[in-house]
Amino acid sequence: MTRTSLADADFPADPYPGARPAWSFVHVAGMSYPLAPRRSTRWSWELTDGTELNQWLAGHQAPPLDARIPVLAYGSNACPAKISWLRATYGLTGPVVVLRARCSGLAAVWAAGLRRRDGQRPATLAADPDAVETHAVWLATRSQITALDACEGRGERYRLTRLRSGQVTTEDGTAIDGVLAYTGLAETRAPLLVDGRPVRCADVSQARAVSLAGEPGADGLAGETVDGDPHPNEWPDLLFVYGTLQPGASAWPVARPWVNGEPRPGTLAGALYDTGRGYPALRLADGRVPGWLLPLRSPAAALSELDDYENSAYERARVRLTDGTLCWTYVWREPVDGMARLPAGWPAQAAR
């Protein structure tokens with residue numbers, strides 16, 4: 001992709017589900033700006049001119065990636081012209097980050113009912129063990145989810161679900177576990193079964209779909225309905241610890257009540273330093289830092305407590321481990337001048 005921006009006219013919304021770019025993008029003011037993964041331990045993307053996306057978002061007074069929530073877009077919400085319609089109709093504000101994603105075991109299928117406003121047949125989501133489709137993931141702000149709720153008729157036509165079915169992977173290879181998705185709630189948004197099977201949107205055009213005859217059926221999806229407003233801290237539900245919060249270390253009792261399952265060893269690209277204060281400092285840099293990956297119960301509540309435990313010298317960030325796992329960790333903000341580097345990690349005797 002060499003173009004730096006494209007107008008909504010390049011991606012019309014009709015017929016449903018509209019045209020979508022064959023790349024990731026950020027959308028604002030009727031324009032889409034292509035994105036590419038940035039080579040960084042911190043989960044990050046960049047525009048075609050090399051500008052880091054968080055820097056670009058800050059220039060638009062918009063929340064960074066760490067303050068956004070992944071929502072699967074399998075229908076018209078991946079269409080730039082539709083995003084502008086959401087702005088005009090439902091008050092959607094700010095840049096919308098849309099990442100191209102490979103979906104396995106999930107399919108966009110035609111819904112049982114038609115849209116009132118234009119008579120077109122909308123899509124809904126269904127489990128399909130044989131399906132491999134390309135869709136998108138919004139990294140949405142909380143206010144953008146409010147606009148999506150209004151558009152999708154959350155609680156009436158669709159429910160907001162934390163999916164446990166299928167696999168969703170963005171084009172940088174990051175697995176988006178527990179992605180949110182709007183799934184059918186009303187009978188009119190259940191999958192349309194023709195001859196007992198859902199009809200994939202990829203197989204049948206809108207022109208043919210509107211005349212299909214069948215009956216509503218189950219979507220076969222596993223997941224939990226999300227009540228209330230989702231919080232960015234709920235995803236991912238994994239925390240990488242490398243110092244006093246490690247299993248058996250001095251502050252392990254702070255983390256242990258929030259751990260849901262067995263910790264597993266992991267490695268993060270970075271450098272660890274001895275602060276001389278009884279705990280280490282992590283910088284995202286060359287090198288490898290050993291530690292433990294903790295699966296969290298009630299991650300928003302857990303991270304709130306752990307944020308209080310960590311002092312202001314640290315910031316929490318979404319990072320990718322060397323095996324590609326996306327998780328949270330705490331990164332040192334202050335200078336490390338004069339601190340001894342710890343190439344083997346935080347010493348066991350110091351951890352105890």
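As a reminder, the structure under discussion sits directly above these lines.
Residues numbered from 1 in each chain as written. Predicted model: local features only at pLDDT ≥ 70, side-chain atom pairs only at ≥ 80, totals over all residues. Heavy atoms only, no water.

Draft legend 1. Spotlight on the environment of Tyr74. Counting through the fold element by element, Tyr74 comes out in the loop between strand 5 (69-73) and helix 2 (80-90). Taking the C-alpha atoms as reference points, Tyr74 and Tyr182, 108 residues apart in sequence, are found 9.2 Å from one another. Setting aside residues no more than four positions away along its own chain, Tyr74 makes contact with Arg20, Ala108, Ala123, Thr124, Leu125, His135, Tyr158, Tyr182 and Thr183. A distance of 2.5 Å separates a polar atom in the side chain of Tyr74 from the backbone oxygen of Tyr182. (Helix = DSSP H or I, 4+ residues; strand = E, 2+ residues; numbered from the N terminus. Contact = heavy atoms within 4.5 Å. Polar contact = N/O pair within 3.5 Å; in protein donor to acceptor, adjacent residues only side chain to side chain.)

Draft legend 2. Just the packing of aromatic side chains, in detail. For the structure shown, the criterion picks out 8 aromatic pairs. Between the aromatic rings of Trp43 and Trp235, the centroid separation amounts to 5.8 Å while the plane-to-plane angle is 65°, which identifies the pairing as edge-to-face. On the criterion of sequence distance, the pair formed by Trp43 in the loop between strand 3 (31-37) and strand 4 (45-47) and Trp235 in the loop between strand 14 (223-225) and strand 15 (238-241) is long-range, its members being 192 residues apart. You'll find Trp43 and Trp235 in the same group, each marked buried. (Phe/Tyr/Trp six-rings, centres within 6.5 Å; stacked < 30°, edge-to-face > 60°. Buried < 20%, exposed > 50% of the residue type's maximum accessible area, 1.4 Å probe, protein only.)

Draft legend 3. Molecular detail of the nonpolar core. One finds Leu53, Leu72, Val97, Trp138 and Val168 to be the most contacted residues of the largest nonpolar core, which totals 62 residues. Formed by 38 residues, the second largest nonpolar core is a distinct cluster that contains Ala251, Ala317, Tyr330 and Trp332. (Core = buried A, V, L, I, M, F, W, Y, C linked by side-chain atoms within 4.5 Å.)

Draft legend 4. Expanded view of the sheet that holds strand 12 (residues 197-198). Across the sheet, which stays open at both edges, the 3 strands sit in the order 12-11-13 with antiparallel pairing between neighbours. In this open sheet, the two strands that pair with only one neighbour each are strand 12 and strand 13 (215-216). Across 2 bridges, the pairing between strand 11 (residues 192-194) and strand 12 is antiparallel. Its bridge partner being in strand 12, Val194 is matched across the sheet by Arg197. (Pairing = 2+ DSSP bridges.)

Draft legend 5. Region of the structure containing the layout of surface pockets. Within this model, the largest pocket holds a volume of roughly 530 Å³. Lining the largest pocket we find 26 residues, and of these Arg115, Cys151, Glu152, Arg157 and Arg189 sit closest to its centre. For the lining of the largest pocket, the secondary structure elements donating two or more residues are strand 5, helix 2, strand 7 (123-140) and helix 3 (142-152). A breakdown of the residues in the lining of the largest pocket according to their chemical character gives 15 nonpolar, 4 polar and 7 charged. Roughly 270 Å³ of internal volume is contained in the second largest pocket. Together, 18 residues line the second largest pocket, and Arg162, Arg164, Glu224, Glu234 and Pro299 are the ones closest to its centre. When the residues that make up the lining of the second largest pocket are grouped by side-chain class, the tally is 5 nonpolar, 4 polar and 9 charged. (1 Å grid on protein atoms, 1.4 Å probe; cavity = no way out; pocket = protein on both sides within 12 Å on 5 of 7 lines; lining within 4 Å. Points joined across faces, edges and corners; volume = space filled by probe spheres on them. Nonpolar A, V, L, I, M, F, W, Y, C, P; charged D, E, K, R; others polar.)

Draft legend 6. Quick peek at the side chain of Asp128. For Asp128, the position within the fold is in strand 7. At 4.7 Å, Arg200 is the nearest oppositely charged side chain to Asp128, a buried residue that forms no salt bridge. If we ignore the near neighbours within four places in the chain, the residues touching Asp128 are Gly105, Leu106, Ala107 and Arg200. (Lys, Arg positive; Asp, Glu negative; His and termini not counted. Salt bridge = Lys/Arg side-chain N within 4 Å of Asp/Glu carboxyl O.)

Draft legend 7. Layout of the packing of helix 2 against helix 3. For the pair helix 2 and helix 3, interaxial distance at closest approach is 10 Å and the crossing angle is 90°. The angle between the axes of helix 2 and helix 3 places the two elements in the roughly perpendicular class. Two secondary-structure elements touch here, helix 2 through Lys82, Trp85, Leu86 and Tyr90 and helix 3 through Ala147, Leu148, Ala150 and Cys151. Split by residue class, the contact of helix 2 with helix 3 holds 7 nonpolar, no polar and 1 charged. (Axes fitted to C-alpha atoms, helices over the stretch in contact; angles between N-to-C directions. Parallel < 35°, antiparallel > 145°, perpendicular 65-115°, else oblique.)

Draft legend 8. Molecular detail of empty space enclosed by the protein. Applying the stated criterion to the full structure yields 2 cavities of 30 Å³ or more. Empty space within the largest cavity amounts to approximately 60 Å³. Forming the walls of the largest cavity are Arg20, Pro21, Trp23, Phe25, Ala78, Val98, Leu99, Arg100, His135 and Ala136. Tallying contributions element by element places strand 6 (residues 96-110) first for the lining of the largest cavity, with 3 residues. By volume, the second largest cavity is sized at about 40 Å³. Every residue along the wall of the second largest cavity is listed here: Arg142, Ile145, Thr146, Asp149, Arg154, Asp229 and Pro230. Split into classes, the residues belonging to the lining of the second largest cavity amount to 2 nonpolar, 1 polar and 4 charged.

Draft legend 9. Region of interest: helix 6 (residues 299-309). Among all positions in helix 6, only Pro299, Ala302, Leu303 and Leu306 are buried. Down the axis of helix 6, the smallest arc covering the buried residues is 90°, so these residues share one side. At its buried positions, helix 6 is contacted by strand 15, helix 5 (252-255), strand 18 (314-320) and strand 19 (326-332). (Arc of directions from axis to C-beta.)

Draft legend 10. Spotlight on the pattern of salt bridges. Counting across every chain of the model gives 11 salt bridges. Note that Asp118 and Arg117 form a salt bridge whose closest N and O atoms lie 4.0 Å from each other. Where Arg162 meets Glu234, a salt bridge forms, and the shortest distance between an N and an O atom there is 3.1 Å. Residue Arg162 is found in strand 8 (residues 158-163), and its partner Glu234 is found in the loop between strand 14 and strand 15; the two are separated by 72 residues along the sequence. Taking the relative accessible area as the measure of exposure, Arg162 reaches 14% and is therefore buried. One network of salt bridges, in which partners are shared, links Arg115, Arg117 and Asp118.

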